[in-house]
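# Reading the structure
What follows is the residue order along each chain.
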Amino acid sequence: MTELASINHASTQHVRPSLVGQSRTGLQDLLKDIGIPERQLRMRSSQIWRWVYGHGIRDFDLMENVPKDLRAELSQHFTLDRPEIVTGQKSSDGTRKWLLRVPSNGVARSSEIETVYIPEENRGTLCISSQIGCTLSCTFCHTGTQRLVRNLTPGEIAGQIMLARDELGDWPGAEAAQKENLPDSERKITNIVLMGMGEPLYNFDAVRDAMAIANDNEGLSHSRRRITLSTSGVVPEISRWGEEAGTMLAISLHAVRDDLRDELVPINRKFPIAELLEACRNYPGVSNARRITFEYVMLKGINDSASDARELVRLLKGIPAKINLIPFNPWPGTDYECSDWDQIEKFSDIVNRAGYASPVRTPRGRDIMAACGQLKSASERLSVKERTAAK
Ligand code: SAH
Ligand code: SF4
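For clarity, every value in this text was computed on a predicted model and none was experimentally measured.

To continue, consider the pairing of strand 4 (residues 112–119). Most of strand 4 sits out of view: seven of its eight residues are buried. One ladder, built from six bridges, connects strand 3 (residues 96–101) with strand 4; its direction is antiparallel. Following the sheet pairing, Arg96 is matched in strand 4 by Tyr117. In the sheet, strand 4 pairs with strand 5 (residues 124–127) via four bridges, with the strands oriented antiparallel. When the sheet's bridge partners are listed, Ile118 is paired in strand 5 with Thr125. Linking strand 4 to strand 5, which pair antiparallel, is a turn of four residues.

Another point: the pattern of salt bridges. Evaluated as defined, the whole model comprises 23 salt bridges. In this structure, Lys300 engages Glu337 in a salt bridge whose closest nitrogen and oxygen atoms are separated by 3.9 Å. Residue Lys300 is found in the loop between strand 11 (292–298) and helix 9 (306–315), and its partner Glu337 is found in the loop between strand 12 (321–327) and helix 10 (341–353); the two are separated by 37 residues along the sequence. Lys300 gets classed as partly exposed once you look at its relative accessible area, which sits at 36%. For Lys300, the salt bridge is made with Asp340, and the minimal N-O distance between the two is 3.3 Å. With Lys300 in the loop between strand 11 and helix 9 and Asp340 in the loop between strand 12 and helix 10, this pair connects stretches of sequence that are 40 residues apart.

Note: most residues except glycine have negative phi, and most peptide bonds are trans. For Ser221, which is not glycine, the phi dihedral falls at a positive 60 degrees. Along the chain, the position of Ser221 falls in the loop between helix 5 (204–215) and strand 9 (227–231). A relative accessible area of 28% means that Ser221 is categorised as partly exposed. At His254, a residue that is not glycine, the phi angle is positive and equals roughly 65 degrees. Structurally, His254 is set in the loop between strand 10 (248–252) and helix 7 (258–264). Given the relative accessible area of 5%, His254 is considered buried.

The next thing to look at is the environment of Asn191. One can find Asn191 in strand 8 (residues 191–194). Among all residues touching Asn191, those that are not within four sequence positions of it are Arg123, Gly124, Thr125, Leu126 and Arg226. A distance of 3.3 Å separates the side chain of Asn191 from the side chain of Arg226, its partner in a polar contact.

With respect to the helices and strands, the residue Asp216 is situated in the loop between helix 5 and strand 9. Those residues within four positions of Asp216 in sequence are excluded, and the remaining contacts are Arg24, Trp49 and Ser221.

Buried residues dominate strand 3, accounting for five of its six residues. As paired elements, strand 2 (residues 84–90) and strand 3 share six bridges and run antiparallel to each other. Along strand 3, the bridge assignment pairs Gln89 with Lys97. Where strand 2 folds back onto strand 3 in an antiparallel hairpin, the turn is made up of five residues, including Gly94, whose phi is positive at roughly 95 degrees.

Counted at 1.5 Å a residue, the expected span for helix 4 (residues 154–168) with its 15 residues is 21 Å, and the 21 Å between its end C-alpha atoms agrees. A maximum bend of about 30 degrees is found in helix 4 at Gln160. Most of helix 4 sits out of view: 13 of its 15 residues are buried. Taken from the residues just after helix 4, Gly169 is the one with a positive phi, measuring 60 degrees.

Here we take up the environment of Ser185. Considering the arrangement of structural elements, one finds Ser185 in the loop between helix 4 and strand 8. Sequence separation between Ser185 and Glu120 is 65 residues, and the spatial gap between their C-alpha atoms is 9.6 Å.

Right, let's talk about the site of ligand 2 for a bit. Around ligand 2, a shell composed of Cys134, Leu136, Cys138, Cys141, Gly144, Gly198 and Ser232 is seen. Classifying every residue of the shell around ligand 2 by side-chain character gives four nonpolar, three polar and no charged.

A few words on the site of ligand 1. Around ligand 1, the structure places 21 residues, and the nearest of them are Gly198, Ser230, Ser252, His254 and Asn329. Phe140 is positioned such that a nitrogen or oxygen atom in its backbone is 3.0 Å from a nitrogen atom of ligand 1. Contact between ligand 1 and Ser252: an oxygen atom at 2.6 Å from a side-chain N or O atom of the residue. Against a free-state accessible area of 530 Å², the protein chains account for coverage of 95% of ligand 1. Along the lines of polarity and charge, the residues of the shell around ligand 1 split into 10 nonpolar, nine polar and two charged.

Rules of the game
Residues numbered from 1 in each chain as written. Chains lettered and ligands numbered in written order. Predicted model: local features only at pLDDT ≥ 70, side-chain atom pairs only at ≥ 80, totals over all residues. Heavy atoms only, no water. Buried < 20%, exposed > 50% of the residue type's maximum accessible area, 1.4 Å probe, protein only. Helix = DSSP H or I, 4+ residues; strand = E, 2+ residues; numbered from the N terminus. Pairing = 2+ DSSP bridges. Salt bridge = Lys/Arg side-chain N within 4 Å of Asp/Glu carboxyl O. Contact = heavy atoms within 4.5 Å. Polar contact = N/O pair within 3.5 Å; in protein donor to acceptor, adjacent residues only side chain to side chain. Expected span 1.5 Å × (residues − 1). Bend = angle between axes of the 7 residues up to and from the residue. Near = heavy atom within 4 Å. Nonpolar A, V, L, I, M, F, W, Y, C, P; charged D, E, K, R; others polar. Areas by Shrake-Rupley, 256 points an atom, 1.4 Å probe, with all protein chains shown as cover.

This is a description of form; function is not addressed.
The following block contains the structure:
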């Protein structure tokens, strides 16, 4: 584990808003507000859009086709800031994790989120957060032990992609500062997953607007088919997400019986398994080429029996599905344990025999607490330490 950066800026409130996170119309409105004539608005906003999101520039002076006086005007009113990096860590397996500070809403002292990058041979996956903390409290999830501080803004969500691209040298013509453990692919971030902190469907509008920027051909240019939203099962929002954002979908299923799922994923008490699966069957665009991923965390002695596996196969019948078995990632203070390896294999054999490719997701970045479900802000951890020290 190496420290990439450890910057401790005094928390300065930016008076100038960042253009990062603005939609196309939002950008036009801002330009109008600073006095750009109506007839130039479309052209100027589209030029600026490409610089901000297509090239990822961080200095207005690099906007070559924008007149000098307008560049000066822009930098007087706006910034191109991304969320501030507090620390960057790199795991022995190449996984990177950035702890980011975002302005507090005044209620809480901790306003930090985490973004994780997982390189593989020919792909790189960026795992981004949608909220600070989470209102839900899935019993096996570390984030679930932290209360919700607030929703992230579109700028803070899209900004996570942008700062990762800064760090990885993943803009056209740019180069990474640290080239080891990067994939062979032309782009270093090939996939985006909304699987960091938070329940993305409880921050619907901001996540949708950020994904529109991620998806824009003249913007960040990530295909919808390579963006996956993971939800614990906010049933009423699932079809709306399909219609308005149209990304791939992952469902945190984790149990095949309502009594157990009520306990592990408490939102199940509101939206039980049958309703959740019905929403999946009706997900816009679902097909064999666009399957829904079902995530299933392997908890020893809890949900990992052969009969659970058979029930899983039965439940998913008729839904174009992929199954992701996730070994449980322990965190300090949890009572759960990860299933034994031979149990995971037995489970996955049953699922495989039913025709599902069910890759067992190898945990990555465990040494830097970057694995699924381990994300929780450092200041929250610190406050626990402080509390212990005060005893
Ligand atoms: N809130 C969303 C997305 C974030 S969690 C959701 O719940 O889907 C991303 C995935 O990690 C979910 O499938 C979640 O259930 C899983 N997860 C949470 N804690 C975990 C842990 N300790 N070990 C393994 N997976 C975990
Ligand atoms: Fe929230 Fe997802 Fe963790 Fe559940 S698993 S507490 S929904 S982040």
